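# Observations on the model geometry
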Amino acid sequence: MNWTAIFQFFQQPVLITVFKVVIIAVIGSLLIRIVNRTVKKILENSKLEKAAHSLIRTLVKTVLYILLGLILASSIGIDVTGIVALASVASLAVSLALQNMLANVIGGFTLLYTHPFSSGDYVEIAGQSGTVQEVGIAYTRLTTPDNKLVSIPNSAVVAAEIVNYTVTGTRRVDVNITASYDADPDVVVNALLEAAQDDRVLADPAPFASLTGYGESAISYTVRVWVKGDDYWDVHFKITRSIIDIFREKGIEMTYPHLNVHLDK
């Protein structure tokens, strides 16, 4: 075996360059994985909102791979300065073509700065209601009560009215009902307060019920209680069901629109 020939073969500039590129690519990829894992641990141990973790990790990973690409280009003799200049021009053209995407990315940073909601909050955004899962690089994702995943562009989230039902910790349950004019209003109000009795209902503010208006065929009433955010729907459904049971028990008629016609002979 001619070791001298083999040694001279591997000393060829092209092979040396290939080996250099491969080594840099392998080491660079390993370093990127290490940095990503480190960033992940730092974010998990930080007080930064969990919904923002995905956005930050994606941006860090993208920047690192761009740097690795520039280093690889430089290692094979390509003028990186020219690439950077070309990339600047290309980025301008791409930014014009991808205005919506860039608006979503900027919207993501705006949400991280203004912090209108947190991961796990139940919110209403642009007509969609659900629990916040994450703020991604382009979309904010919500899980609806019927377990649908809704992705809303960050630019739309920033521009929309955001209603956060969780941030205060409590919610008010309002149940509106009607009863016959023949029913004693005090009896109806007491029946509503009885229907509102539940261990999940907060004592402060105290449950409230009152006559609220007069309709053509019935009197309107409202019962209001305060509960923890997570108990809202369970208590709402429970009170709604209890009202009809107690009304029947007390002989209170729940009326519906009707018209009485009297004929005079």
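Details of the structure are given in the entry above.
### Section: the overall build of the protein chain
Each helix and strand in the protein chain was counted, giving eight helices and eight strands. Evaluated residue by residue, the protein chain yields a buried proportion of 28% over its 265 residues. For the protein chain, the computed accessible surface area is about 17400 Å², with 60% contributed by carbon and sulfur atoms.

### Regarding the layout of surface pockets
In this model, the largest pocket occupies a volume close to 250 Å³. Along the wall of the largest pocket there are 13 residues; nearest its centre are Tyr122, Thr131, Gly229, Asp230 and Trp233. When the residues that make up the lining of the largest pocket are grouped by side-chain class, the tally is five nonpolar, six polar and two charged. If you add up the space inside the second largest pocket, you get close to 170 Å³. Where the lining of the second largest pocket is concerned, the elements lending two or more residues are α2 (13-45) and α3 (53-75). When residues of the lining of the second largest pocket are assigned to their parent elements, the largest contribution, six residues, is made by α2. For the lining of the second largest pocket, the per-class residue count stands at nine nonpolar, one polar and no charged.

### Some details on the side chain of Asp198
One can find Asp198 in the loop between α7 (185-195) and β7 (208-214). Taking the relative accessible area as the measure of exposure, Asp198 reaches 18% and is therefore buried. Here the side chain of Asp198 touches Arg200 through a polar contact of 2.7 Å, landing on its backbone nitrogen.

### Brief notes about a positive patch on the surface
Together, Arg33, Arg37, Lys40, Lys41, Arg57 and Lys61 line one region of the surface with positive charge. Of all the secondary structure elements, the ones that give two or more residues to the positive patch are α2 and α3. Structurally, Lys41 can be placed in helix α2.

### Section: the pairing of strand β6 (residues 170-179)
Regular strands place side chains that alternate from one sheet face to the opposite one. What you see with β6 is a clean split: Arg171, Val173, Val175, Ile177 and Ala179 sit on the buried side and Thr170, Arg172, Asp174, Asn176 and Thr178 on the side with no burial. Strand direction decides the pairing type here: β6 and strand β8 (residues 219-228), joined by ten bridges, are antiparallel. Looking at the pairing, Asp174 lines up with Arg224 of β8.

### Things to note about the pattern of salt bridges
Under the definition given, this model contains eight salt bridges. Here Glu134 makes a salt bridge to Arg141, at a shortest N to O gap of 3.1 Å. Judged by its relative accessible area of 25%, Arg141 falls in the partly exposed class. The salt bridge partner of Lys250 is Glu194, with a shortest N-O separation of 3.6 Å. You can see Lys250 sitting in helix α8 (residues 232-250) and its partner Glu194 sitting in helix α7, a full 56 residues away along the chain. Classification of Glu194 as partly exposed rests on a relative accessible area of 32%. One salt-bridge network, held together by shared partners, links Arg172, Asp174 and Arg224.

### Some points on the sheet that holds β6
Sheet strands line up and pair through hydrogen bonds in the backbone, either parallel or antiparallel. A sheet is described by the order of its strands in space; here three strands give the open sequence β6-β8-β7, paired in antiparallel fashion. Every interior strand has two partners, whereas the edge strands, β6 and β7, have only one. Strand-to-strand, the axes of this sheet are offset by a mean angle of 25°, without reference to chain direction. Judged from the six bridges that link them, β7 and β8 form a sheet pairing that is antiparallel. Bridging from a neighbouring strand, Tyr214 pairs with Ile219 of β8. Along the sheet, α7 makes contact with β6, β7 and β8, crossing β7 at roughly 135°. Of the strands in this sheet, β6 and β8 are in contact with α8, which crosses β6 at around 25°.

### Here we look at the packing of α7 against α8
α8 packs onto α7 with a crossing angle of 135° between their chain directions and a minimal axis gap of 8 Å. Comparing the axis directions of α7 and α8 gives the class oblique. For the pair α7 and α8, the sense of crossing is right-handed. Across the interface between the two elements, Val188, Ala191, Leu192, Glu194 and Ala195 from α7 touch Lys238, Ile239, Ser242, Ile243, Ile246, Phe247 and Lys250 from α8. Taken together, the residues that form the contact of α7 with α8 break down as eight nonpolar, one polar and three charged.

How each quantity is defined
Residues numbered from 1 in each chain as written. Predicted model: local features only at pLDDT ≥ 70, side-chain atom pairs only at ≥ 80, totals over all residues. Heavy atoms only, no water. Helix = DSSP H or I, 4+ residues; strand = E, 2+ residues; numbered from the N terminus. Buried < 20%, exposed > 50% of the residue type's maximum accessible area, 1.4 Å probe, protein only. Areas by Shrake-Rupley, 256 points an atom, 1.4 Å probe, with all protein chains shown as cover. 1 Å grid on protein atoms, 1.4 Å probe; cavity = no way out; pocket = protein on both sides within 12 Å on 5 of 7 lines; lining within 4 Å. Points joined across faces, edges and corners; volume = space filled by probe spheres on them. Nonpolar A, V, L, I, M, F, W, Y, C, P; charged D, E, K, R; others polar. Polar contact = N/O pair within 3.5 Å; in protein donor to acceptor, adjacent residues only side chain to side chain. Patch = residues over 30% accessible without salt bridge, like charges linked within 9 Å, V, L, I, M, F, W, Y side chains within 5 Å. Salt bridge = Lys/Arg side-chain N within 4 Å of Asp/Glu carboxyl O. Lys, Arg positive; Asp, Glu negative; His and termini not counted. Charge placed at Lys NZ, Arg CZ, Asp CG, Glu CD. Pairing = 2+ DSSP bridges. Axes fitted to C-alpha atoms, helices over the stretch in contact; angles between N-to-C directions. Contact = heavy atoms within 4.5 Å. Parallel < 35°, antiparallel > 145°, perpendicular 65-115°, else oblique. Left-handed = near helix turned anticlockwise from the far one by under 90°.

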